[in-house]
Amino acid sequence: MNIFGRPRNAAASAAPKAKSPPDMSSAIMKLRHTCETLEKRESHIQTKVKQQLLEAKAKMKKGDKKGALFCMKRKNMYQNEIDKILGARNTLETQAIALENSAMNMQTFQAMQEGRNAMRDARGKMDADNVADTIDDIKDEIDESDAISSALGAPLDDTLEDDETLLAELTEMEQLELEESLMNIPQANARNPTRVDAELSGFDLPDAPTSAVQVDDADAEELAALRELEASMMAA
């Protein structure tokens, strides 16, 4: 029992909660907004610097050197403030650029991780060894299929001659038939001369001579000269 009436988990609830890391985009926006605020303040202070210069010149014309000196001191104070603002702006701009680069690098890295995971999921259990084994299995199956096709197409009777032998035999038979047909043509014409006359009746041929062929004197002289030439060659 709690005497003081305070819940037991009060200490635990009173402990500060761990803050979640700020979002990078919101941090960049915060830096940019702060830079804009500093830029506006710089412009405002720059106006005051110009105003102090004008007042200092006016007091110098009136002969108020102390007043002019006081205005110059205020002008220098404002100028120092402007220098500090410029330094802060430079730091914030550098930090914003660095955060933007970090955000881009993180986005690129996350995209690369997602691409890697997608490739890994798409590949599954496939690797180079599995692919090589699958290709070998496919080749084996193709060879086995070719062997089965060859076995199914083989003749059942081993004594049958091949196609080349049969073609050679057919060619020889055709040649013999052609020779027999050529040999039978003269015999058929001799047994049936009227058939030959009938076949030649369609041609315009000269009549055969019925008496001795007359030889001209010129032909007789040429024939005698040829005979003398042959005799002289034989004698030599």
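Residues numbered from 1 in each chain as written. Predicted model: local features only at pLDDT ≥ 70, side-chain atom pairs only at ≥ 80, totals over all residues. Heavy atoms only, no water.

Caption draft 1: Focus on the overall build of the chain. The secondary structure content of the chain amounts to 7 helices and 0 strands. Element order for the chain, N to C, with α for helix and β for strand: α-α-α-α-α-α-α. The buried share of the chain, taken over its 236 residues, is 8%. For the chain, contacts bridging at least 24 residues in sequence account for 71% of all contacts bridging at least 6. Approximately 21000 Å² of the chain is accessible, and the part contributed by carbon and sulfur atoms is 58%. (Helix = DSSP H or I, 4+ residues; strand = E, 2+ residues; numbered from the N terminus. Buried < 20%, exposed > 50% of the residue type's maximum accessible area, 1.4 Å probe, protein only. Contact = heavy atoms within 4.5 Å. Areas by Shrake-Rupley, 256 points an atom, 1.4 Å probe, with all protein chains shown as cover.)

Caption draft 2: Fine view of a negative patch on the surface. Where like charges cluster on the molecular surface, the negative patch consists of Asp-127, Asp-129, Asp-133, Asp-136, Asp-137, Asp-140, Glu-141, Asp-143, Glu-144 and Asp-146. By the secondary structure assignment, Asp-137 is in helix α4 (residues 128–153). For Asp-137, a relative accessible area of 47% puts it in the partly exposed group. (Patch = residues over 30% accessible without salt bridge, like charges linked within 9 Å, V, L, I, M, F, W, Y side chains within 5 Å. Salt bridge = Lys/Arg side-chain N within 4 Å of Asp/Glu carboxyl O. Lys, Arg positive; Asp, Glu negative; His and termini not counted. Charge placed at Lys NZ, Arg CZ, Asp CG, Glu CD.)

Caption draft 3: Summary view of the nonpolar core. By size, the foremost hydrophobic cluster in this structure holds 10 residues: Leu-31, Cys-35, Leu-38, Ile-45, Val-49, Tyr-78, Ile-82, Ile-85, Leu-92 and Ala-96. In this view, Cys-35 contacts Arg-89, Leu-92 and Glu-93; residues no more than four positions away in its chain are not counted. (Core = buried A, V, L, I, M, F, W, Y, C linked by side-chain atoms within 4.5 Å.)

Caption draft 4: Highlighting the confidence of the model for the chain. Averaged over every residue, the pLDDT of the chain is 77; the share at 70 or more is 67%. Across the chain, helix α3 (residues 65–123) holds the top mean pLDDT of 91, while helix α1 (residues 10–14) sits lowest at 49. (pLDDT = per-residue confidence, 0-100.)

Caption draft 5: Molecular detail of helix α2 (residues 24–62). In a regular helix each residue adds 1.5 Å, so 39 residues correspond to 57 Å; α2 covers 57 Å between its end C-alpha atoms and thus fits that length. Burial in α2 covers these residues: Ile-28, Leu-31, Cys-35, Leu-38, Glu-42, Ile-45, Val-49, Gln-52 and Ala-56. Next to the buried residues of α2 lie α3. Just downstream of α2 lies Gly-63, where phi reads positive at about 85°. (Expected span 1.5 Å × (residues − 1).)

Caption draft 6: Spotlight on the side chain of Glu-42. Summarising the element assignment, Glu-42 is placed in helix α2. If we skip the residues at most four places from it in the chain, Glu-42 touches Ile-82, Ile-85, Leu-86 and Arg-89.

Caption draft 7: Spotlight on the pattern of salt bridges. Applying the stated criterion across every chain, the model contains 4 salt bridges. Residue Arg-32 is joined to Glu-93 by a salt bridge in which the shortest nitrogen-to-oxygen separation is 2.7 Å. A residue pair is termed long-range when its members are at least 10 positions apart, and Arg-32 in helix α2 and Glu-93 in helix α3 qualify at 61 residues. By relative accessible area, which is 28% here, Glu-93 ends up partly exposed. Linking Arg-41 and Glu-81 is a salt bridge whose minimum nitrogen-to-oxygen distance equals 3.8 Å. A residue pair is termed long-range when its members are at least 10 positions apart, and Arg-41 in helix α2 and Glu-81 in helix α3 qualify at 40 residues. Judged by its relative accessible area of 43%, Arg-41 is partly exposed. Given a relative accessible area of 28%, Glu-81 falls into the partly exposed group. Through salt bridges with shared partners, a single network forms among Arg-32, Glu-93 and Glu-100.

Caption draft 8: The arrangement of the packing of α2 against α3 in detail. At a minimum axis distance of 8 Å, the contact between α2 and α3 shows a crossing angle of 165°. As summarised for this structure, α2 and α3 are arranged roughly antiparallel, according to the angle between their axes. The handedness of the crossing between α2 and α3 comes out as left-handed. The class makeup of the residues in the contact of α2 with α3 is 24 nonpolar, 7 polar and 14 charged. (Axes fitted to C-alpha atoms, helices over the stretch in contact; angles between N-to-C directions. Parallel < 35°, antiparallel > 145°, perpendicular 65-115°, else oblique. Left-handed = near helix turned anticlockwise from the far one by under 90°. Nonpolar A, V, L, I, M, F, W, Y, C, P; charged D, E, K, R; others polar.)

Caption draft 9: How the structure looks around the environment of Lys-57. Looking at the secondary structure, you find Lys-57 in helix α2. C-alpha separation for the pair Lys-57 and Ala-68, spaced 11 residues apart in sequence, amounts to 6.9 Å.

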